[in-house]
Protein chains: 2
Amino acid sequence: MSQWQNGTEMPRWLDKRAGLTPERTAVICGEEKRTFRRLAEEVRKTARRLSGLGVGRGDRVAFLMPNGLHTVTLIHAISWLGAVLVPLNTRLAPREIAWQLEDSGAKVMIVNEAHRSLGEAARKACVEGAPKALSWDELGDQPEQETEGCSRISLDDLHTLMYTSGTTGRPKGVMLTWGNHWWSATASALNLGLDPADKWLAAVPLFHMSGLSILMRSLICGMTAVVHPAFDPARANRAIAEDGVTIASVVGTMLTRMLDELGEEHYPESFRCMLLGGGPAPRPLLERCKRKGVPVFQTYGMTETASQIVTLSPEDSLRKLGSAGKPLFPSELKIVGDNRELAPGEAGEIVVRGPNVTRGYWKREDATRDAIRDGWLYTGDLGYVDEEGFLYVLDRRHDLIISGGENVYPAEVEAVLISHPAVEEAGVTGFSDKDWGQVPVAFVKPKEGQSVAENELLRHCRERLARYKVPVRIHEVEELPKNASNKLLRRRLPELIPGGGQGETGP
Amino acid sequence: MSQWQNGTEMPRWLDKRAGLTPERTAVICGEEKRTFRRLAEEVRKTARRLSGLGVGRGDRVAFLMPNGLHTVTLIHAISWLGAVLVPLNTRLAPREIAWQLEDSGAKVMIVNEAHRSLGEAARKACVEGAPKALSWDELGDQPEQETEGCSRISLDDLHTLMYTSGTTGRPKGVMLTWGNHWWSATASALNLGLDPADKWLAAVPLFHMSGLSILMRSLICGMTAVVHPAFDPARANRAIAEDGVTIASVVGTMLTRMLDELGEEHYPESFRCMLLGGGPAPRPLLERCKRKGVPVFQTYGMTETASQIVTLSPEDSLRKLGSAGKPLFPSELKIVGDNRELAPGEAGEIVVRGPNVTRGYWKREDATRDAIRDGWLYTGDLGYVDEEGFLYVLDRRHDLIISGGENVYPAEVEAVLISHPAVEEAGVTGFSDKDWGQVPVAFVKPKEGQSVAENELLRHCRERLARYKVPVRIHEVEELPKNASNKLLRRRLPELIPGGGQGETGP
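In this text, all values refer to a predicted model and were calculated from it rather than measured experimentally.

**Thoughts on helix 14 (residues 454-464) of chain B**
Residue and element names in this part refer to chain B.
Right, on to step 1. Restricting attention to buried positions, one finds in helix 14 the residues L457, L458, H460 and C461. Taken end-on, helix 14 shows its buried residues confined to a sector of 155°, consistent with a single buried face.
Right, on to step 2. On its buried face, helix 14 is in contact with helix 13 (410-418), strand 27 (423-433), strand 28 (437-446) and strand 29 (473-476).

Written as structure tokens, this is what we have:
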């Protein structure tokens with residue numbers, strides 16, 4: 001009788017959903033469709049093959065796969081065993097992947113054929129034990145080992161380890177429990193409403209929170225996930241116009257390209273929500289949506305909050321253009337500055353709490369203590385709330401650069417630049433870019449008596465960083481702007497370009 | 001960081017909802033409407049008046065009020081303080097109410113003007129301390145005491161004590177936590193879907209789980225509750241036809257009367273769910289709905305499960321006519337007989353578990369241990385599941401009689417009959433009735449050498465029992481049917497009527 005008091009327990013979601021609505025469509029990928037019943041059958045097979053590899057409850061299983069039906073099946077199979085997902089960004093450099101494999105202690109990594117060499121390079125870059133690696137096809141050849149997997153789960157059980165970078169040091173694994181996903185999915189449904197005929201477009205990566213959360217909602221809410229292999233604006237528009245997609249998750253650059261592609265056409269009435277995340281939205285883009293009757297809902301969230309934590313509600317989506325909305329039921333938000341909660345209109349750090357918020361970072365008690373205080377997550381992002389309690393996000397955390405929806409942390413890029421023998425100091429900041437929203441630009445001060453060739457530094461970066469993190473330009477400078485306590489002032493970096501500044505990226 | 005692990009905490013629901021969607025309509029009662037903002041203001045006022053009476057967190061507050069805006073306000077005000085609701089059935093006899101007041105240890109009872117004398121009689125019938133009693137108007141005259149009430153709640157906190165009778169002994173207080181209500185409301189939304197424009201008709205009493213759960217869903221889902229003072233079929237039909245009601249909670253007798261009243265008319269397309277609870281539905285009624293295109297969804301639930309735990313899903317509502325559906329996400333169900341889980345098609349006791357299930361009975365550890373074993377609630381109801389897992393309820397628990405949606409426990413009526421000095425033994429069973437579904441009929445064996453007048457016994461019952469529990473006929477008999485171990489066989493009682501039997505109630 002006390003089992004509900006310490007981590008609510010329940011049946012594994014896929015089994016429950018397949019039992020409730022077996023004939024409903026779980027996922028559509030191109031020409032392929034799966035009902036929940038058939039998805040569950042395929043997931044069981046995959047899970048039993050993983051079990052044959054020694055994967056069991058609590059083991060970490062990494063995957064390096066682009067969006068696709070196989071990826072959906074694998075994600076559910078890992079959870080079916082009670083193992084922990086470690087989604088790997090396919091755009092990372094081998095050394096970045098190696099870090100996540102080692103830090104998570106992944107037992108197995110599954111790659112698709114196209115990423116086999118990247119996976120192999122990542123395994124070679126592992127200093128300590130590298131995980132067993134199999135391609136999806138090789139996994140299909142594995143014998144099935146009879147197992148019932150983890151048929152009951154607790155909402156406190158770990159479900160996902162998803163890596164994010166930060167202000168300092170190496171990327172950290174955000175621990176997300178089944179409960180974090182549950183509360184996030186239900187909070188979204190309580191805000192946007194829920195129609196059994198809903199179809200949610202995942203043209204964002206499944207290895208990101210924005211994509212993974214769509215699969216979680218699909219299970220919990222009994223909704224169809226329409227998964228695109230990669231983002232293509234014409235294909236995304238067709239999915240809305242012809243395939244009955246009712247909700248789509250996008251970032252600003254995706255939305256701009258979709259509107260460009262849409263031209264004079266309009267979305268059908270059935271399309272009810274363009275959920276816009278990935279950083280503060282440019283006002284002109286929102287205005288354009290409003291004029292065109294696109295039902296855009298700005299949202300604010302991060303890996304640590306298992307996707308959305310603040311989203312506009314249907315009745316406010318037009319009235320409060322520019323705001324990310326209010327914290328979803330039952331989450332909370334406050335703005336903090338000078339160690340106190342600020343009043344409406346005052347800008348400060350955005351601080352949130354709620355049952356969708358991570359319990360912390362994997363094996364990083366220091367970072368966890370730093371980020372989560374008295375149950376509140378200090379996001380590092382800047383914003384304010386208006387008199388009605390609507391959040392306006394001013395700037396993403398820690399000089400975060402958002403490039404095409406991917407997060408680029410200046411500190412991570414700077415650390416790579418400084419690791420070059422000729423570099424004394426480095427500073428990285430985001431410049432506006434019409435295609436990507438922002439792109440990283442670097443400023444380096446060479447070691448005394450040395451000089452650095454831009455090409456050589458770019459090569460150094462490309463070996464160690466995902467393509468989208470590599471600076472589009474590296475400027476050599478004599479001094480970096482700093483404050484009195486010698487802290488780098490990244491926002492003043494653009495002044496170092498003669499005649500330059502925010503808003504242009506060169507050449 | 002561990003606060004989500006032991007009883008998820010969150011802001012008080014009314015505040016949260018009023019913050020999120022202040023201008024949405026929370027409740028409609030006749031000509032009166034309240035937005036969530038205004039409801040929250042009125043609730044705060046009422047809560048502060050209760051606080052002036054000494055009511056605080058954990059205190060039990062009983063209310064004896066029919067459906068109405070005041071009742072909605074009072075219910076939320078009690079919760080706003082973190083106090084515990086004790087809803088009293090306005091049809092009970094004074095002695096029955098007195099039992100619930102004493103057993104719950106209610107500190108205050110609020111009555112409406114029409115039930116003032118009933119409340120006074122109940123207080124007089126209290127043997128030990130009676131609660132302070134105020135009419136709603138008197139409460140309005142109380143000074144407000146400044147308080148913030150209980151601004152954060154834990155899902156493990158007690159929210160409601162709702163009394164149900166059982167096979168033996170006095171009624172028991174079912175302990176329902178905030179979490180039980182939460183999980184019930186979200187489970188319902190995950191099954192039926194959720195539209196911010198939904199309006200849910202509460203023509204069932206708010207002092208029953210079926211009505212109270214509508215108020216909980218209203219807060220959590222941001223939905224309008226349309227509250228009728230009492231059930232009137234024409235008014236209910238008008239609410240659907242003219243006022244935009246999309247979902248209605250009904251029991252069989254209500255539905256029959258609504259269909260009769262509807263005549264040749266039809267419900268509009270916008271009406272999407274007639275949620276039919278309160279016992280197994282007669283097949284002809286379901287067929288009639290199907291022919292008429294009424295979207296009827298059979299459901300199974302009880303106070304102990306905070307309303308629905310098994311409900312048909314939209315895609316199965318026609319295909320599986322006669323079934324109550326499958327256990328809602330994330331609840332579970334099994335059929336037990338001979339101390340084992342039975343196979344599909346085998347009839348046995350319906351056993352359920354899930355986070356919406358009560359943690360037990362107030363101060364009745366024995367009854368709790370008896371009902372909840374290994375986390376499973378043994379309902380006492382009989383049923384089976386088919387090969388697809390759909391539940392068919394065969395008979396409500398313990399010879400339960402359901403009369404007009406109200407539960408009548410034979411044992412409770414028998415105990416009252418036996419308390420009469422002339423009665424040796426008594427047996428009560430349900431007879432079919434075209435208006436009420438079932439009505440109780442009694443059989444009594446007088447003490448040796450004595451005889452009992454039916455009128456005298458009826459008077460005895462009316463003093464001690466709610467009207468709907470009083471037998472419509474009391475037959476004097478020489479012997480009651482019993483099995484070898486001398487257990488009363490209630491199902492064989494009808495055979496005692498010469499030429500009688502199930503299906504007729506006389507005269």
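**Here's the deal with the packing of aromatic side chains**
Right, on to step 1. Under the definition given, this model contains 13 aromatic pairs over all chains.
Right, on to step 2. Both rings, one in A:W182 and one in B:F329, keep their centres 5.5 Å apart while their planes meet at 45°; by these two values the pair is tilted. Linking A:W182 in helix 7 (residues 178-192) with B:F329 in the loop between strand 17 (326-327) and strand 18 (332-337), this pair reaches from one chain into another.
Right, on to step 3. What makes A:W182 buried here is its relative accessible area of 0%.
Right, on to step 4. Classification of B:F329 as buried rests on a relative accessible area of 2%.
Right, on to step 5. Their ring planes at 55° and their centres at 5.7 Å tell us that B:W13 and B:W182 sit as a pair that is tilted. You can see B:W13 sitting in helix 1 (residues 13-20) and its partner B:W182 sitting in helix 7 (residues 178-192), a full 169 residues away along the chain. Each member of the pair, B:W13 together with B:W182, is buried.

**Thoughts on the confidence of the model for chain A**
All names here are of chain A.
Right, on to step 1. When pLDDT is averaged along chain A, the result is 91, and 95% of the positions lie at 70 or above.
Right, on to step 2. Every residue in residues 1-6 scores below 50 in pLDDT, and together they form 24 contacts with partners more than four places removed in sequence or on other chains.
Right, on to step 3. Considering only residues more than four positions removed or in separate chains, one finds that residues 501-507, a stretch of pLDDT under 50, has 16 contacts.
Right, on to step 4. In the predicted assembly, ipTM is 0.87 and pTM is 0.88.

**With respect to the sheet that holds strand 3 (residues 32-35) of chain A**
Residue and element names in this part refer to chain A.
Right, on to step 1. Within the open sheet, the nine strands sit side by side as 3-2-12-11-13-14-15-16-17. Their pairing is mixed. Of all the strands in the sheet, just strand 3 and strand 17 (326-327) have a single pairing partner and so form its edges.
Right, on to step 2. As paired strands, strand 13 (residues 247-251) and strand 14 (residues 273-277) are joined by five bridges and run parallel to one another. Along strand 14, the bridge assignment pairs I247 with C273.

**Quick word on the interface of chain B and chain A**
Right, on to step 1. Across the contact, 49 residues belong to chain B and 49 residues belong to chain A.
Right, on to step 2. Around 4,200 Å² of area is buried between chain B and chain A when both sides are counted, 59% of it from carbon and sulfur atoms.
Right, on to step 3. With a closest N to O distance of 2.5 Å, A:E332 and B:R152 form a salt bridge.
Right, on to step 4. Applying the counting rule to chain B against chain A returns ten residue pairs in polar contact (both at pLDDT 80 or more).
Right, on to step 5. Counting only elements with at least two residues in the side of chain B that touches chain A, the list comes to strand 1 (9-11), helix 1, helix 7, helix 8 (209-221) and strand 17 of chain B.
Right, on to step 6. The element that contributes the greatest number of residues to the side of chain B that touches chain A is helix 1 of chain B, accounting for five residues.

**Observations concerning the packing of helix 10 (residues 252-262) of chain B against helix 11 (residues 283-292) of chain B**
For any two helices packed against each other, one specifies the inter-axial angle together with the distance between the axes.
Residues and elements named next belong to chain B.
Right, on to step 1. Packing of helix 10 against helix 11 leaves a shortest axis separation of 11 Å and a crossing angle of 40°. One finds that helix 10 runs oblique with respect to helix 11. Where helix 10 crosses over helix 11, the handedness of that crossing is left-handed. Counted together, G252, L255, T256, L259, D260 and L262 of helix 10 and L285, R288, C289 and K292 of helix 11 form the full contact between these two elements.
Right, on to step 2. Per-class residue counts for the contact of helix 10 with helix 11 are five nonpolar, two polar and three charged.

**Examining the side chain of A:T164**
Residues and elements named next belong to chain A.
Right, on to step 1. Mapped onto the elements of the fold, T164 is located in strand 9 (residues 158-164).
Right, on to step 2. Assessed through its relative accessible area of 10%, T164 is described here as buried.
Right, on to step 3. Contact partners of T164, with chain neighbours within four places excluded, come to P171, K172, V174, T303, E304 and Y361.

Thresholds applied
Residues numbered from 1 in each chain as written. Chains lettered and ligands numbered in written order. Predicted model: local features only at pLDDT ≥ 70, side-chain atom pairs only at ≥ 80, totals over all residues. Heavy atoms only, no water. Buried < 20%, exposed > 50% of the residue type's maximum accessible area, 1.4 Å probe, protein only. Helix = DSSP H or I, 4+ residues; strand = E, 2+ residues; numbered from the N terminus. Arc of directions from axis to C-beta. Contact = heavy atoms within 4.5 Å. Phe/Tyr/Trp six-rings, centres within 6.5 Å; stacked < 30°, edge-to-face > 60°. pLDDT = per-residue confidence, 0-100. Pairing = 2+ DSSP bridges. Buried area = accessible area lost by both parts, 1.4 Å probe. Salt bridge = Lys/Arg side-chain N within 4 Å of Asp/Glu carboxyl O. Polar contact = N/O pair within 3.5 Å; in protein donor to acceptor, adjacent residues only side chain to side chain. Axes fitted to C-alpha atoms, helices over the stretch in contact; angles between N-to-C directions. Parallel < 35°, antiparallel > 145°, perpendicular 65-115°, else oblique. Left-handed = near helix turned anticlockwise from the far one by under 90°. Nonpolar A, V, L, I, M, F, W, Y, C, P; charged D, E, K, R; others polar.

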